[in-house]
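Chain residues, written in single-letter form:
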Amino acid sequence: MDYLKEMEGKSLHDRFDMKNIKIIRSVWVPGPVIVGAGPSGLAVAACLKQRGVPSMILERANCIASLWQNKTYDRLRLHLPKEFCELPLKPFPQHFPTYPTKQQFVAYLESYAKEFGIKPQFNATVKSAEYDQNLGFWRVRTLGLKEEIEYICQWLIVATGENAEPIVPGIEGSNDFVGTMVHTSSYKSGEAFRGKRVLVVGCGNSGMEVCLDLCNHDARPSLVVRDTVHVLPREMLGKSTFGLSMWLLKWLPIRLVDRFLLLVSRALLGDTTHLGLTRPTLGPLQLKNMSGKTPVLDVGTLAKIRTGEIKVCPGLKRLTRNTAEFTDGSAGDFDAVILATGYKSNVPSWLKDNELFSEKNGLPRREFPHGWKGECGLYSVGFTKRGLLGTSMDARKISEDIDRSWKAEAKHLKDLYSLPTSSL
Ligand SMILES: Cc1cc2nc3c(=O)[nH]c(=O)nc-3n(C[C@H](O)[C@H](O)[C@H](O)COP(=O)(O)OP(=O)(O)OC[C@H]3O[C@@H](n4cnc5c(N)ncnc54)[C@H](O)[C@@H]3O)c2cc1C
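Only a predicted model underlies this, so the values are computations on that prediction, with no experimental measurement involved. (Residues numbered from 1 in each chain as written. Predicted model: local features only at pLDDT ≥ 70, side-chain atom pairs only at ≥ 80, totals over all residues. Heavy atoms only, no water.)

Section: the sheet that holds strand β9 (residues 180–183)
Thought 1: The sheet built from 5 strands is open, its strands ordered β9-β20-β10-β11-β16 with parallel pairing. Unpaired on one side and paired on the other, β9 and β16 (311–313) mark the two borders of the sheet. On average, adjacent strands in this sheet sit at an angle of 20° to one another, irrespective of strand direction.
Thought 2: Where strand β10 (residues 197–201) and strand β11 (residues 220–224) come together, 5 bridges link them in parallel fashion. Residue pairing across strands places V200 opposite L223, the latter belonging to β11.
Thought 3: Contacts from helix α5 (residues 205–216) reach β10, β11 and β20 (336–339) within the one sheet, and its direction differs from that of β11 by about 165°. (Pairing = 2+ DSSP bridges. Helix = DSSP H or I, 4+ residues; strand = E, 2+ residues; numbered from the N terminus. Axes fitted to C-alpha atoms, helices over the stretch in contact; angles between N-to-C directions. Contact = heavy atoms within 4.5 Å.)

Some thoughts on the pattern of salt bridges
Thought 1: Considering all chains together, one arrives at 21 salt bridges under this definition.
Thought 2: D132 is the salt-bridge partner of R139, the closest N and O atoms lying 2.7 Å from each other.
Thought 3: Look at R139 and you get partly exposed, because its relative accessible area is 29%.
Thought 4: A salt bridge links R404 to E400; the nearest nitrogen and oxygen atoms lie 4.0 Å apart. (Salt bridge = Lys/Arg side-chain N within 4 Å of Asp/Glu carboxyl O. Buried < 20%, exposed > 50% of the residue type's maximum accessible area, 1.4 Å probe, protein only.)

Some details on the site of the ligand
Thought 1: S40, E59, H79, N163 and L388 are the nearest of the 28 residues found near the ligand.
Thought 2: Interatomic distance of 2.6 Å between a side-chain N/O atom of S40 and an oxygen atom of the ligand.
Thought 3: W68 places a polar side-chain atom, nitrogen or oxygen, 2.9 Å from an oxygen atom of the ligand.
Thought 4: Look at the ligand: alone it shows 980 Å² of surface, and the protein chains cover 92% of it.
Thought 5: Among the secondary structure elements, those contributing two or more residues to the shell around the ligand are α2 (39–50), α3 (66–70), β4 (125–132) and α10 (387–418).
Thought 6: Looking at the shell around the ligand, the element that brings in the most residues is α3, giving 3 residues.
Thought 7: Among the residues making up the shell around the ligand, the classes are represented as 14 nonpolar, 12 polar and 2 charged. (Near = heavy atom within 4 Å. Polar contact = N/O pair within 3.5 Å; in protein donor to acceptor, adjacent residues only side chain to side chain. Areas by Shrake-Rupley, 256 points an atom, 1.4 Å probe, with all protein chains shown as cover. Nonpolar A, V, L, I, M, F, W, Y, C, P; charged D, E, K, R; others polar.)

Points about the confidence of the model for the protein
Thought 1: Per-residue pLDDT for the protein has a mean of 92; in total, 93% of the residues score no lower than 70.
Thought 2: Contacts from residues 1–18, a stretch scored under 50 in pLDDT, to residues over four places away or in other chains number 4 contacts. (pLDDT = per-residue confidence, 0-100.)

Things to note about the domain arrangement of the protein
Thought 1: Taken domain by domain, the protein comprises domain 1 (4–164 + 343–417) and domain 2 (168–339).
Thought 2: On a C-alpha basis, the centres of domain 1 and domain 2 stand 32 Å from each other.
Thought 3: Taking both sides of the interface into account, the surface hidden between domain 1 and domain 2 amounts to around 1,700 Å²; carbon and sulfur atoms contribute 54%.
Thought 4: Among the residues of domain 1 in contact with domain 2, Y73, R75 and Y99 are the three that bury the most area, contributing 37% of the side total.
Thought 5: Inspection of the region where domain 1 meets domain 2 yields 1 salt bridge.
Thought 6: Measuring nitrogen to oxygen at the nearest pair gives 3.0 Å for the salt bridge that ties E209 to R75.
Thought 7: If you look at where domain 1 meets domain 2, you find 8 residue pairs in polar contact (both at pLDDT 80 or more). (Domains from an automatic or database assignment. Buried area = accessible area lost by both parts, 1.4 Å probe.)

Some remarks on the packing of aromatic side chains
Thought 1: In the structure shown here, the tally under the stated rule is 15 aromatic pairs.
Thought 2: With a centroid separation of 5.1 Å and an interplanar angle of 90°, the aromatic rings of W28 and F137 are classed as edge-to-face. Of this pair, W28 sits in strand β1 (residues 24–28) while F137 is found in strand β5 (residues 137–143), placing the two residues 109 residues apart along the sequence.
Thought 3: For F137, a relative accessible area of 21% translates into the label partly exposed. (Phe/Tyr/Trp six-rings, centres within 6.5 Å; stacked < 30°, edge-to-face > 60°.)

Here we look at the side chain of S245
Thought 1: Following the sequence through the fold, S245 ends up in helix α6 (residues 241–249).
Thought 2: On the basis of relative accessibility, which here comes to 3%, the residue S245 falls in the buried class.
Thought 3: With sequence-adjacent residues up to four places away left out, S245 is seen in contact with V257, L261 and L285.

Here's the deal with unusual backbone geometry
Thought 1: Cis peptide bonds are those with omega within 30 degrees of zero, and the linkage from F368 to P369 qualifies with 5°.
Thought 2: Its identity as a non-glycine residue notwithstanding, A65 has a phi of 45°, on the positive side.
Thought 3: On the secondary structure map, A65 appears in the loop between β3 (56–58) and α3.
Thought 4: Despite not being glycine, L237 has its phi angle at roughly 50°, a positive value.

Encoded structure:
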């Protein structure tokens, strides 16, 4: 008998101690489940909290804003002025500069989470989420450090971001290349590349800024520019280019604003085509609207291209042991390659839904401002291609919408429980 008890105790103990054993349990969440504790997840949780609706955030990393904390370079500042990047209900501190550093932005997000009592469930990677038609609820499965949990909820808010996974292009010969090869999500500073010949692939905001950072650390960067690109000064006529564009768009059609931006850019930056940076036929704002492609806001890179400290190269054809061959037949030797090739959404890998999100790119099928709401209590926040400004708009709309059904349900329950027992 004692022997059996001992065995029973041991097997119970083993269930929880043995490595690789996954324990599946179900948890009912009375309010919405939010996937992702980046700025978007925090913003929507705060707006809900303000209306008295509790929510639960599931986050795969062990901190909030993991993109900003773990996957960005040291010298990063907000690309846009702070007034266009603050989250709902809490402005940036007054002493913050116009373009806060990433450390300041993270500090702001941390105090934001604290102020609204937001405590995400960390190390909880959402592996699947599916609407159970029979049950009338969402089943959200997470893989944590020790166990699998299934959360059951009525509302599901997707806040995993447009930048959830790095895009690593297949480059011919990349396995033969003997130098360092990293994506910008792992790049911290040019310090590690001092004195080295570095090929930066991709000429968006990150690629351009990484080149500048490499220059400032005495590395020798070359920038691969395969496509056309709009480079604009970060400021014009004493105002931020972004702020000025927003203001002009109130009065003028987008085509005229684009022409104005290009005229002033030409006056301030000169003809970028001479530097190997050909402009697209469509204007910068029209292009952004139609394809989501963001114009580059110059923070000093163009000056370094002009002095020859940064070399511009055409499309990359293939890599060999330590050489890069380009589409125009030229070649050069390099010690390292940095892929500034962007990010993509990971929604199709875990969300079973064919309606709100496109399987192709993991973004809402419907264009802004119509992509924030799906069927059966499904929402998306932060997928507008409009940065943090879009996040704030989504967060407000979602919280208002959920609040309405939350209150209607509370009233329904109250009415139900206040009925005389004989009528039940
Ligand atoms: C270098 C850089 C600079 C930028 N500068 C600006 C700027 O100045 N202004 C601006 O408006 N925008 C800027 N952006 C865009 C920026 O990404 C967004 O504005 C902001 O981070 C988006 O917040 P988010 O919460 O939607 O996404 P993210 O910040 O990407 O947060 C998503 C969160 O979801 C988590 N997650 C993902 N998948 C899962 C899963 N399956 N399960 C659980 N958790 C998951 C991630 O770990 C992450 O913490 C910049 C982006 C980059 C890369």
